[in-house]
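For reference, the chains in residue letters:
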Amino acid sequence: MQGSCHCGNVSVAITRQPEYINLCDCSLCLKSGGAWGYFSESEIKVAGSTRAYRRKDYKEPAVEMQFCGECGATTHWVLTEHCDGDRVGVNMRLFAPDEITGIEARTLDGRNWFGKTDAAHRREPGKVGSDVFL
């Protein structure tokens, strides 16, 4: 699958569909417009130049947002040095709707989650294209 930012300067290729898509409502995700599918670094390839942003309200932010410097679309996030693991969040809104139809969508309660416990969800999961629209 291959998606791109609005202007097409940055593209993201993934080797498979994500298991699910997280719609997080923390302040960073809400304002960046991300709908996250999760992958290992080896499963994605980013082409084009991105800019980075780390939230300033956390002393040790877990992720660094990547976005197109031309159109501003959020493309993905990478883990920072404050977080162990091999995980990348890809903004599934970069892909054509028919490529993500049917994938489970979860509504993560990011406003009240700080990474120390299992995340809660605001409602039961839905399916993209039938009762959840990205």
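**Comments concerning the sheet that holds strand β1 (residues 2–4)**
Then, number 1: Strands sit in the order β1-β2-β5 across an open sheet of three strands; the sheet is antiparallel. For this open sheet the edge positions go to β1 and β5 (44–47), each flanked by a neighbour on one side alone. When the angles between neighbouring strand axes are averaged without regard to direction, this sheet yields 20°.

**Description of the pattern of salt bridges**
Pairing is possible between side chains of opposite charge, provided their charged atoms come close.
Then, number 1: Taken as a whole and judged by the stated rule, the model has five salt bridges.
Then, number 2: Where Arg 55 meets Asp 57, a salt bridge forms, and the shortest distance between an N and an O atom there is 2.7 Å.
Then, number 3: Assessed through its relative accessible area of 10%, Arg 55 is described here as buried.
Then, number 4: Within this structure, Arg 54, Glu 64 and Glu 81 form a network of salt bridges that share partners.

**Notes on the environment of Cys 68**
Then, number 1: Residue position: Cys 68 is located in strand β7 (residues 63–68).
Then, number 2: According to the relative accessible area criterion, Cys 68 is buried, its value standing at 2%.
Then, number 3: Taking the C-alpha atoms as reference points, Cys 68 and Ser 4, separated by 64 residues in sequence, lie 9.6 Å from one another.
Then, number 4: Setting aside its immediate chain neighbours within four residues, Cys 68 contacts Cys 5, Cys 7, Asn 9, Val 10, Ala 73 and Thr 75.

Reading guide: rules and limits
Residues numbered from 1 in each chain as written. Predicted model: local features only at pLDDT ≥ 70, side-chain atom pairs only at ≥ 80, totals over all residues. Heavy atoms only, no water. Pairing = 2+ DSSP bridges. Helix = DSSP H or I, 4+ residues; strand = E, 2+ residues; numbered from the N terminus. Axes fitted to C-alpha atoms, helices over the stretch in contact; angles between N-to-C directions. Salt bridge = Lys/Arg side-chain N within 4 Å of Asp/Glu carboxyl O. Buried < 20%, exposed > 50% of the residue type's maximum accessible area, 1.4 Å probe, protein only. Contact = heavy atoms within 4.5 Å.

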